Amino acid sequence: PFGLWTCGKPILVSHQLTVWPKTFRLDPRPLPAGRQQWFAAEASDFQAGDQGDRSGVRPYQLGDRLRNIHWALTARHGRFIVSERQAVTESQVRIVVDVEQLRAYRCGPQEALEWAVRVAATMTRTLVQQNTHCHVLLGSHAFGVAPSEISLRRFFDALARFGSDDIERLPNQS
């Protein structure tokens, strides 16, 4: 699985070998602000952001949102003053791999599943590195990945075990 090449020479392996799916480098991107929050996010007193309690005020800067203007202080000082809020230190993302759609790909359901796992693993790794908690749904399997290296390793170990038995339960190609 996962595009590994096999050879015809038998070898003796005395220990178990776990092969993680191949991932690709993605540049970090800011997450879009959603309208629904599935989980409460933690706010930081040390970073300015758009969520959480107000943490202070400062003069308006080009690019500030008009809705952040503190109108009472603006009227008192005769210039725009904006409110700063706390920044979210941990975001939540749900990654859903629709295995029902894999039968539609010409390469076959096994190869399509391998690529779907690679994409999910790549997205999860990138988001975890951005301090994002990920919930990955892969068919009927659900994985929770906290923004930590150990949680990411456990997720990759679980993906490595996601194999032929799971592929056989995919819908038949028609």
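Above this text is the structure in question.
Residues numbered from 1 in each chain as written. Predicted model: local features only at pLDDT ≥ 70, side-chain atom pairs only at ≥ 80, totals over all residues. Heavy atoms only, no water.

### Observations concerning the pattern of salt bridges
Then comes step 1: In the structure shown here, the tally under the stated rule is four salt bridges.
Then comes step 2: Across the pair arginine 153 and glutamate 149 runs a salt bridge whose closest N-O atoms are separated by 3.7 Å. One end of the pair, arginine 153, and the other, glutamate 149, are both in helix α3 (residues 149–161), four residues apart, so they sit about a helical turn from each other.
Then comes step 3: We classify glutamate 149 as partly exposed; its relative accessible area is 47%. (Salt bridge = Lys/Arg side-chain N within 4 Å of Asp/Glu carboxyl O. Helix = DSSP H or I, 4+ residues; strand = E, 2+ residues; numbered from the N terminus. Buried < 20%, exposed > 50% of the residue type's maximum accessible area, 1.4 Å probe, protein only.)

### Some words on the nonpolar core
Then comes step 1: Ranked by internal contacts, the top residues of the largest apolar core, which has 24 residues, are Leu113, Val136, Leu138, Phe143, Phe155 and Leu159.
Then comes step 2: Within the residue set of this core, elements represented by two or more residues are β3 (91–97), α2 (109–129), β4 (132–138), β5 (141–145) and α3.
Then comes step 3: Looking at this core, the element that brings in the most residues is α2, giving eight residues.
Then comes step 4: Not counting residues within four places of it along the chain, the set of residues in contact with phenylalanine 143 comprises Cys134, His135, Val136, Leu138, Phe155, Ala158 and Leu159. (Core = buried A, V, L, I, M, F, W, Y, C linked by side-chain atoms within 4.5 Å. Contact = heavy atoms within 4.5 Å.)

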